[in-house]
Amino acid sequence: MKVRDSVPATSARPSAQAAQAMQTIQAIQAIRRLFHALAGTAERSHAELGITASMCAVMETLHARGPCRVPQVAREKGVSRQHIQIVVNTLLAADLVECLDHPDHLRSPLLRLNAAGTRAYEAIRRRETRLLSDLAKRIPAADLDVTLNTLNAMERGLNPLRAKPARAGSRV
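Structure report, in brief. (Residues numbered from 1 in each chain as written. Predicted model: local features only at pLDDT ≥ 70, side-chain atom pairs only at ≥ 80, totals over all residues. Heavy atoms only, no water.)

What follows covers the packing of helix α2 (residues 53-65) against helix α4 (residues 81-93). Where α2 meets α4, the closest approach of the two axes is 10 Å, and the angle between their N-to-C directions is 90°. As the angle between them shows, α2 and α4 are arranged roughly perpendicular. Packed against α2, whose contacting residues are S54, M55, V58 and M59, the element α4 presents H83, I84, V87, V88, T90 and L91 at the interface. Taken together, the residues that form the contact of α2 with α4 break down as 7 nonpolar, 3 polar and no charged. (Axes fitted to C-alpha atoms, helices over the stretch in contact; angles between N-to-C directions. Helix = DSSP H or I, 4+ residues; strand = E, 2+ residues; numbered from the N terminus. Parallel < 35°, antiparallel > 145°, perpendicular 65-115°, else oblique. Contact = heavy atoms within 4.5 Å. Nonpolar A, V, L, I, M, F, W, Y, C, P; charged D, E, K, R; others polar.)

In structure tokens:
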């Protein structure tokens, strides 16, 4: 009678759960690469406008949501308030956004795109739509549907990890 090794035969292969975790990690790495590729493309595409990818991201939020405070934009983007404040200061200096009084937050005004900011953002969107429509022609719609569903599921799964309780006294 032959004695078996003490290591189970299944340990040579990763478990289904470990394999799925590895696929998730690979997907996240691909998303990071794509994020940087998109940011670089945006930087090159909008260079003559003097608008960076970060500026465009803040403008996108203000265009979609209307007036917001810096902390709201930071939470939505998942970055620090300080980072958004630096971007907003650049947008203010470029005269693309304006500050509105916010009676509930004397030190945190509402920000909104002004007319020049709205025109610049809409021009950026038109340019990006032309650029990305060429890319979309090369990817089957069914693949994009699956990708969008997967990305949305990943975002929903990660959102509880980002959530932080509000500080006492905040009116967020």
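There's plenty left to go through after this.
Our focus in this paragraph is the pattern of salt bridges. Taken as a whole, this structure holds 7 salt bridges when the rule is applied. In this structure, R125 and E60 form a salt bridge, with 3.2 Å as the shortest nitrogen-oxygen distance. Taken together, the residues span a long stretch of sequence, with R125 in helix α5 (residues 115-136) and E60 in helix α2 at a distance of 65 residues. Exposure remark for E60: the relative accessible area of 32% places this residue in the partly exposed category. A salt bridge links E98 to R112; its shortest N-O distance comes to 2.5 Å. Of the two residues, E98 is situated in strand β1 (residues 97-100) and R112 in strand β2 (residues 110-113); the sequence distance between them amounts to 14 residues. (Salt bridge = Lys/Arg side-chain N within 4 Å of Asp/Glu carboxyl O. Buried < 20%, exposed > 50% of the residue type's maximum accessible area, 1.4 Å probe, protein only.)

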